[in-house]
Amino acid sequence: MIQKKKLPVLGLGTLLLLGGSALAQAVDTIPGMPPVVDPKNIYTETRAGNLNPEVVQDPPRIYVPNLRSNNVYVIDPQTYKVVARFKVGKSPQHVVPSWDLRTLWVTNNAEGTTNGSLTPIDPRTTQPLPNVAVDDPYNMYFTPDGKSAITVAEARERLDFRDPHTMEMQGSVSVPQCKGVNHADFSIDGRYAIFTCEFGGYLAKVDTVNRTVMGYLKLSGGGMPQDILTAPDGHKFYVADMHADGVFVIDGDTFRETGFIPTGVGTHGLYPSRDGTRMYVANRGSHKIHGPPHGKAGGVSVIDFATDKVVANWPIPGGGSPDMGNVSNDGGTLWLSGRFDDVVYAIDTTTGATRKIPVGQEPHGLTVWPQPGRYSIGHTGILR
């Protein structure tokens, strides 16, 4: 049902040449992880149009999990029309591309029950496959070596390491100080990940090789961290905080807070541009978990990676609630769910002009497919 092969590392030689000499700053990655092409920019392989041969035949689609209607809507990005919909498990939260790019997993965490599941989708046919029973999968990530899926059991305060194909349990890491554990990203060498703790204002640093907690960090303000994104240098991290209305800057190696960038009300989702120079920040327009529709403050801020400055703000016309999503293959459109408005936003990344497509009830972590890159580390399609 689900292919188990690993993809070849594409576009790399044994030596990577910069300025005519062998790359002296080669990153010492964990075994099995594809090499880092450029230590100054981990997003070089996710540039516009750089599709892996494994995904070029996958039809372009936007997969939208609707939390309250327990289904997935499928949008054709060329026509902006819903072309399919199907039922999944209870409380679908995110659509997560697998490490090998051959399966899209819908994380159905069955809020308040023990009936969690994952719904695999074949991106070649765009059709769902039978559910796999998994306890409380709020979100899912993949270790950069492709050896493990990490299902984020938010209600259980636990990270479950699983076989990335069968989802059989390999082992668990308890994170008792990380109330509401939900989002993560990885260091440049894959040796650690930082997870956000939504209820309590903490971050948790986890050793991905030894599967241990390396420490917790209390943020200086806010108190409701959401998405997290690794900077192009692979050492700095950005943390969206829905109560602080901005982005905390974290030195991942020393695990300390180094700055804060104000953006907008209800800062939530973080996504890199296809050229790796900017970060799109979704401001949900409310501090509430279940906010009102048409929030006047809902919009997107654009941060320049080089300066950590906001260079543009794009309010949602008529108000809105931009949440989670990703950027199109060509980099021209930012696709985000409108969490409290039952719509999806297609935002022009040059002008900020916005189109709205009606979907199901409470859309959440949509993914854009296919996307450029060699492999996925999870969430709504964070590729490297």
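Residues numbered from 1 in each chain as written. Predicted model: local features only at pLDDT ≥ 70, side-chain atom pairs only at ≥ 80, totals over all residues. Heavy atoms only, no water.

Visitor: Describe in detail the state of the cysteines, supporting the description with residues and values.
Guide: Counting across every chain of the model gives one disulfide. Each sulfur of the disulfide joining Cys178 and Cys197 lies 2.0 Å from the other. Note on the Cys178 and Cys197 pair: the S-S dihedral is about -100°, so by sign convention the disulfide is left-handed. Taken together, the residues span a long stretch of sequence, with Cys178 in the loop between strand 14 (169-174) and strand 15 (181-186) and Cys197 in strand 16 (residues 192-197) at a distance of 19 residues. Cys197 matches Cys178 in its accessibility class, with the two residues each being buried. (Disulfide = S-S within 2.5 Å. Helix = DSSP H or I, 4+ residues; strand = E, 2+ residues; numbered from the N terminus. Buried < 20%, exposed > 50% of the residue type's maximum accessible area, 1.4 Å probe, protein only.)

Visitor: Give a detailed account of the sheet that holds strand 27 (residues 322-327), specifying residues and quantitative values.
Guide: The four strands lie next to each other as 27-28-29-30, forming an open sheet whose pairing is antiparallel. Two strands lie at the open edges of the sheet, namely strand 27 and strand 30 (354-358), each paired on one side alone. Taking each pair of neighbouring strands and ignoring which way they run, the sheet shows an average axis angle of 25°. Alignment of strand 27 against strand 28 (residues 333-338), held across four bridges, turns out to be antiparallel. When the bridges of strand 28 are listed, Pro322 appears paired with Gly338. (Pairing = 2+ DSSP bridges. Axes fitted to C-alpha atoms, helices over the stretch in contact; angles between N-to-C directions.)

Visitor: Would you mind going over the sheet that holds strand 18 (residues 212-218) in detail, with residue names and values included?
Guide: To summarise the sheet geometry, strands pair through backbone hydrogen bonds and adopt either a parallel or an antiparallel arrangement. Read from one edge of the open sheet, four strands run 15-16-17-18, paired in antiparallel fashion. The outermost strands of the open sheet, each flanked by one partner alone, are strand 15 and strand 18. The average undirected angle you get between the axes of adjacent strands in this sheet is 25°. Bridge count for strand 15 against strand 16 is four bridges, and the pairing is antiparallel. Bridge pairing links Ala184 to Phe195 in strand 16.

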